[in-house]
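What the coordinates show
So you can see what is in the structure, the chains are spelled out below.
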Amino acid sequence: MKKRISAVTLHYMLITAGFWMSFCLVSTNAAVYLQGVGYNNVGLGIILALGNIGGALLSTLLGDFLDRHPNVRHLQVLQVLCAVQAVSLVLLRIHPVSGLLTSVFYTVYCSALMAVNAVNLDLCVRLEHVGADLNFGLARSTGSLAFMVVSVPLGLLVERFSHLVLLYAGLLIILFQFFSNFIVDRDLKAAEAAMPPEAAAVKEKSASLGQFIRENRSFSILLIAVTVIFMAHNMDGNFMINEIRALGGGTADMGWIAAFQALVEVPVMVLASRLPKKWSLAQYIRLAFLFFVVKILCYALAPSLPFFFAARILQAPSYALYIVLIVPYADLVVPHKDSAKAQGLLVGVTNVGAVLASLAGGAMFDSLGVRPTMLIAVAIAALGCAIGFAGAKDERKAPKQL
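Model, not experiment: these values are computed from the prediction. (Residues numbered from 1 in each chain as written. Predicted model: local features only at pLDDT ≥ 70, side-chain atom pairs only at ≥ 80, totals over all residues. Heavy atoms only, no water.)

**Digging into the state of the cysteines**
For the coordinates displayed, the defined rule picks out zero disulfides. Free of any disulfide, Cys24 has its nearest neighbouring cysteine sulfur in Cys110, separated by 13 Å. (Disulfide = S-S within 2.5 Å.)

Here it is in structure tokens:
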């Protein structure tokens, strides 16, 4: 890791922080808001499922669109997504009760928000390919810190006032993202202008989705693994308030737990570039998959709120390790002509996992209770881990095609 943080890294930190602050509103706090306006766990699960389906489709379509239209700027796509989120939040404030309109508004809000991550990740790849001085691990750690910073006050404010606080917070965060996007686009323009003409040539034509799967079979198996693992991961994340209430806690406790969980991710992300080189990226990703199983098992068996809190330290070797390495891994094993599609698919399948978690989890939490549902999540994570071991190939045996 460089001693001096580059301007590009600092600016990319802004958009990373903006996304993960917004994500805090539709992950740990989605249940708080939707239950606050009158939805039960099944209704909550359906809305989150629809939002994540929309996010998965939008992420994949936008990835394909950016690959096929290299002259379209990421800024244009990001600002449209921000505008859609802002309008959705305003409409949710105008109609703050359960019903068809709220379901539609929240679904659109969630879909647009999830797609931002895919575009941001491809923007990261684009910056690196044009020679920008970007430390992705350090920039991504800012997202976890930002998630932590908003988790605690949101939990306290919701407990003191109401769930409507989340809508106002969402609008402020979108305003922050809107201006941050301009700053990073300026960095991208400067890096593109400094490239030699031959390096700036139009890249090879992007593959169709079917062709992409045929050309990247191991990566496609990895996508299946990520889908299954993130189903288990989101059975905890989307319904965490149920686990906390079962242990005697409330929304303020959830804020502190979510903040601690985000905090423990930071060291892994900051120090990712210093991981021992004797292991490949694929081996580290396999290790992360194993820890997903271990952490969900600890959540399921937690006998008390303090134990549940302490178990969140396992977020570091599982989620944090995976999320900071999967972007460079995908960029290494997938041809550059399909880089946006690869990043879009990675975001898309995590959303599909969230869909499955929302649909199955909502019904299971209501019918089976907390512990049986979380033990089922452990089994799901173990299945995903097994698939992941088959899909995560040693990238040193599969050199990147340019």
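**A look at helix H16 (residues 370-391)**
Between the first and last C-alpha of H16 there are 31 Å, a value that for 22 residues agrees with the 32 Å anticipated at 1.5 Å per step. When we look at burial in H16, the residues that qualify are Thr373, Met374, Ala377, Val378, Ile380, Ala381, Gly384, Cys385, Gly388 and Gly391. The secondary structure elements touched by the buried residues of H16 are helix H9 (217-237), helix H10 (240-246), helix H12 (281-301), helix H14 (316-333) and helix H15 (339-367). (Helix = DSSP H or I, 4+ residues; strand = E, 2+ residues; numbered from the N terminus. Expected span 1.5 Å × (residues − 1). Buried < 20%, exposed > 50% of the residue type's maximum accessible area, 1.4 Å probe, protein only. Contact = heavy atoms within 4.5 Å.)

**Re the packing of aromatic side chains**
Using the criterion set out here, one finds 19 aromatic pairs in the structure. For the ring pair Phe212 and Phe219, a centre distance of 6.1 Å and an interplane angle of 80° mean the geometry is edge-to-face. Relative to Tyr322, the ring of Phe230 has its centre 5.6 Å away and its plane inclined at 55°; by these criteria the two rings are tilted. Of the two residues, Phe230 is situated in helix H9 and Tyr322 in helix H14; the sequence distance between them amounts to 92 residues. Across this residue pair, the class does not change: Phe230 and Tyr322 are buried. Through pairs of rings, three or more aromatic residues link up here, namely Phe19, Trp20, Phe23, Phe230, Phe289, Phe292, Tyr319 and Tyr322. Sitting over the ring of Trp20, Arg140 keeps its end group 4.0 Å from the ring centre. Over the aromatic face of Tyr299 sits the side chain of Arg312, whose NZ or CZ is 3.7 Å from the ring centroid. (Phe/Tyr/Trp six-rings, centres within 6.5 Å; stacked < 30°, edge-to-face > 60°. Lys NZ or Arg CZ within 6 Å of the ring centre and 35° of its normal.)

**Topic: the environment of Ile387**
Topologically, Ile387 is positioned in helix H16. In this structure Ile387 comes out as partly exposed when scored by relative accessible area, which is 23%. As for Ile387 and Pro276, which are separated by 111 residues in sequence, their C-alpha atoms are 25 Å apart. Apart from the residues lying within four places of it in its own chain, the contact partners of Ile387 are Ile221, Ile224, Ala225 and Val228.

**Brief notes about empty space enclosed by the protein**
In this structure the tally under the stated criterion is five cavities of 30 Å³ or more. There is about 620 Å³ of room inside the largest cavity. Lining the largest cavity are 40 residues; nearest its centre among them are Trp20, Phe23, Phe230, Tyr319 and Ile323. Of all the elements in the fold, those that place two or more residues in the lining of the largest cavity are helix H1 (7-25), helix H3 (41-68), helix H5 (100-129), helix H6 (136-160), H9, helix H11 (251-270), H14 and H15. Examining the composition of the lining of the largest cavity, we find that six residues originate from one element, H1, more than from any other. (1 Å grid on protein atoms, 1.4 Å probe; cavity = no way out; pocket = protein on both sides within 12 Å on 5 of 7 lines; lining within 4 Å. Points joined across faces, edges and corners; volume = space filled by probe spheres on them.)

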